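Chain by chain, the residues:
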Protein chains: 2
Amino acid sequence: MVTVTRKQRERLEREAKILDLARGMLHEVGYLGLSMDRIASQMEYSKGTIYQHFQNKEEIILALANEALEKRLEMFESASTWSGATCSRDRIAAIGAAAEKFVEQYPHHFAVEQIVRSASIWEKTSEERRQFMQVCEGRCMQIVGGIARDGLAHGDLELPAERSAEDVVFGLWSLNFGAYTIVTSSESLEENGIRDPIAALRHNQNLMLDGYNWRPLYGDRDYDAVMDRVKREVFGNE
Amino acid sequence: MVTVTRKQRERLEREAKILDLARGMLHEVGYLGLSMDRIASQMEYSKGTIYQHFQNKEEIILALANEALEKRLEMFESASTWSGATCSRDRIAAIGAAAEKFVEQYPHHFAVEQIVRSASIWEKTSEERRQFMQVCEGRCMQIVGGIARDGLAHGDLELPAERSAEDVVFGLWSLNFGAYTIVTSSESLEENGIRDPIAALRHNQNLMLDGYNWRPLYGDRDYDAVMDRVKREVFGNE
DNA sequence: TCTATTATTGACGTTTCGTCATTTTTTGAC
DNA sequence: GTCAAAAAATGACGAAACGTCAATAATAGA
């Protein structure tokens, strides 16, 4: 029915608008400054209406986190199917580029993810949205893990008996997540001699992959150039 | 004067008690559940008295974070001067053991650090405590950086022209901080095949250091055993 | 013992959350 | 076009929390 469709569309549009407002507010005044009253007044709706979309404040935060993880998953998928890759490790480099671009292009998405990981907002939120987070997280891991398993299958990579593809995934995830968290939250990097953390991250990541003996090694291929290409060709760096 | 000393001592004791209560509360009911009224009522003091110790709620959180970073700094210092080290890389392993022990023994300390890094509580807090955080952070980095510079001086480690000891520090920090953050905040590690993340972290860290060609390499020395020894000998693992 | 200083209190104003009875709008049958 | 039923929107309200401050109590020292 036409009317139902229009209603639903309006509902979705309004929901998107609430989230847009919330995202901006979160960015400007932080987690604590985010207020339902202010969202309501900035929208042209009353508070009660906002509460028809989201049970509570935490649900809004989690909805923002859902958008964030969804976006990253999408970017990981684009990166993993990049046609320019000539080897499995190129595809890992492409994922690295996606992670880099994600933080650059959507810093608020990354910030929300951090908030959700540290503040305990889980109790009050819906099972549905919590599950969505896990699905996105799991699929991102599957993408990276899949590339590692491809590498194993093609002989680009071997692992000692007690290590699995998942350990590689965990290593890359830790290193990247940790680095971006520190970069966005520490004020004293510069004065402690860390002038170009992103370049350092790329380097450290490649050293770790070299440690896994994932060929071609860093010395034999310019993965920095590969990452820059991916950022340009897949994500349209200006 | 005797009286002043007693007063001051009482004041410090009460401050410690406030922080103890706050820590427990933070752990039980999370950042949002932490309430000044509840702290006041659980202490046998009124709210006004609490506010004579801490300007606001954020100051309490930051004071907890200060304790956390101070504790870690102390553990890093103990680890870095461990007498059992036979080479510079042993000392790095010792730091790794300290980081591991820190999260194990004081999980609430680590949780507070994460909160402080993500929630924007900085604006309302005192310059003094903010600075203390940076000092601790900087000194931890200096300890690790110092070991790297020792390694360079002794020829255990060489770096390419465009890399510095600080990049090694940043790599270790990222990898560790990221790993512990993920471990304490992700619910789906197990079902995604990451069964022993701490073992994986140790492995990944060693691979990265191998990538830097920090000798003796992982294959030539059992750094896992070194870390276990440090945890036993320095931090008294039961 | 008495006054001056210091410490403590808790009621208060404000803000925000989340609810719900009331009002407004929309829908669809006639 | 009319009207009753359903759906949507409203904002006043109670509860809870923050941070303040005038009033009160405790203490120190003359």
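1. Thoughts on the overall build of chain A
Okay, step 1: Broken down by element type, chain A carries 10 helices and 0 strands.
Okay, step 2: Going from the N terminus to the C terminus, chain A shows its helices and strands as α-α-α-α-α-α-α-α-α-α.
Okay, step 3: C-alpha extents for chain A along the principal axes are approximately 60 × 50 × 40 Å.
Okay, step 4: Taken over 238 residues, chain A has a buried fraction of 56%.
Okay, step 5: For chain A, the exposed area adds up to about 10,800 Å²; of that, 48% sits on carbon and sulfur atoms.
Okay, step 6: Averaging the coordinates of the 29 positive side-chain charges in chain A and doing the same for the 38 negative ones gives two points 6 Å apart.

2. A word on the relation of the copies chain B and chain A
Okay, step 1: When chain B is fitted onto chain A, the two copies agree to an RMSD of 0.1 Å after a turn of 180 degrees and an axial shift of 0.0 Å. Between the two chains, the operation in question is that of a two-fold axis.
Okay, step 2: Both copies contact each other with a shared surface, as 100% of the interface residues of chain B are interface residues in chain A too.

3. Points about the pattern of salt bridges
Between side chains of opposite charge, pairing is possible as soon as their charged atoms come close.
Residues and elements named next belong to chain B.
Okay, step 1: Within the structure shown, the criterion is met by 47 salt bridges over all chains.
Okay, step 2: Asp-37 is paired through a salt bridge with Lys-47; the nearest N and O atoms lie 3.4 Å apart. With a gap of 10 residues between them, Asp-37 in helix H2 (residues 36-42) and Lys-47 in helix H3 (residues 47-53) connect regions that are remote in the sequence.
Okay, step 3: Put simply, Arg-129 and Glu-59 hold a salt bridge, and the shortest N to O gap is 2.6 Å. Note that Arg-129 is positioned in helix H7 (residues 127-154) and Glu-59 in helix H4 (residues 57-80), a separation of 70 residues in sequence.
Okay, step 4: On the basis of relative accessibility, which here comes to 18%, the residue Arg-129 falls in the buried class.

4. Comments concerning the environment of Glu-233 of chain A
Residue and element names in this part refer to chain A.
Okay, step 1: Position of Glu-233 among the secondary structure elements: in helix H10 (residues 223-233).
Okay, step 2: With 213 residues separating them in the primary sequence, Glu-233 and Asp-20 have C-alpha atoms 28 Å apart.
Okay, step 3: A polar side-chain atom of Glu-233 sits 3.3 Å from a polar atom in the side chain of Trp-82.

5. A few points about the domain arrangement of chain A
Residues and elements named next belong to chain A.
Okay, step 1: Domain boundaries in chain A define domain 1 (1-54) and domain 2 (58-233).
Okay, step 2: At the junction of the two partners, domain 1 supplies 12 residues and domain 2 supplies 14 residues.
Okay, step 3: Summed over both partners, the interface of domain 1 with domain 2 comes to about 1,100 Å²; 81% of that surface belongs to carbon and sulfur atoms.
Okay, step 4: If you sort the residues of domain 1 by the area they bury against domain 2, Arg-23, Tyr-31 and Phe-54 come out on top, with a joint share of 54%.
Okay, step 5: At the surface where domain 1 touches domain 2, the tally comes to 1 salt bridge.

6. Quick look at the protein's contact with DNA strand C
Okay, step 1: Taken together, the neighbourhood of DNA strand C is formed by 20 residues, with Met-36, Lys-47 and Tyr-51 of chain A together with Arg-14 and Ser-46 of chain B sitting nearest.
Okay, step 2: Protein-proximal atoms of DNA strand C, defined as those within 4 Å of the protein, fall in sugar or phosphate at a share of 60%.
Okay, step 3: Between a phosphate oxygen of DNA strand C and a main-chain N or O atom of Leu-34 of chain A, the distance comes to 3.3 Å.
Okay, step 4: Arg-14 of chain B is positioned such that a nitrogen or oxygen atom in its side chain is 2.8 Å from a phosphate oxygen of DNA strand C.
Okay, step 5: Those elements giving two or more residues to the surface near DNA strand C turn out to be helix H1 (2-33), helix H2 (36-42), helix H3 (47-53) and helix H4 (57-80) of chain A together with H3 of chain B.
Okay, step 6: Of the residues contributing to the surface near DNA strand C, the split by class is 4 nonpolar, 6 polar and 10 charged.

7. Regarding the interface of chain B and chain A
Okay, step 1: Contacts between the two partners involve 50 residues from chain B and, on the opposite side, 50 residues from chain A.
Okay, step 2: When residues of chain B are sorted by the area they lose upon contact with chain A, Phe-170, Ile-182 and Asn-192 of chain B head the list and together hold 14% of the total.
Okay, step 3: Where chain B touches chain A, the interface holds 0 salt bridges.
Okay, step 4: Counting the contacts that link chain B with chain A gives 11 residue pairs in polar contact (both at pLDDT 80 or more).
Okay, step 5: Of all the secondary-structure elements, those providing two or more residues to the side of chain B that touches chain A are helix H1 (2-33), helix H6 (107-118), H7, helix H8 (165-185) and helix H9 (197-211) of chain B.
Okay, step 6: With 14 residues, H8 of chain B is the single largest residue contributor to the side of chain B that touches chain A.

Reading guide: rules and limits
Residues numbered from 1 in each chain as written. Chains lettered and ligands numbered in written order. Predicted model: local features only at pLDDT ≥ 70, side-chain atom pairs only at ≥ 80, totals over all residues. Heavy atoms only, no water. Helix = DSSP H or I, 4+ residues; strand = E, 2+ residues; numbered from the N terminus. Buried < 20%, exposed > 50% of the residue type's maximum accessible area, 1.4 Å probe, protein only. Areas by Shrake-Rupley, 256 points an atom, 1.4 Å probe, with all protein chains shown as cover. Lys, Arg positive; Asp, Glu negative; His and termini not counted. Charge placed at Lys NZ, Arg CZ, Asp CG, Glu CD. Least-squares fit on C-alpha atoms with pLDDT ≥ 70 in both. Contact = heavy atoms within 4.5 Å. Salt bridge = Lys/Arg side-chain N within 4 Å of Asp/Glu carboxyl O. Polar contact = N/O pair within 3.5 Å; in protein donor to acceptor, adjacent residues only side chain to side chain. Domains from an automatic or database assignment. Buried area = accessible area lost by both parts, 1.4 Å probe. Near = heavy atom within 4 Å. Nonpolar A, V, L, I, M, F, W, Y, C, P; charged D, E, K, R; others polar.

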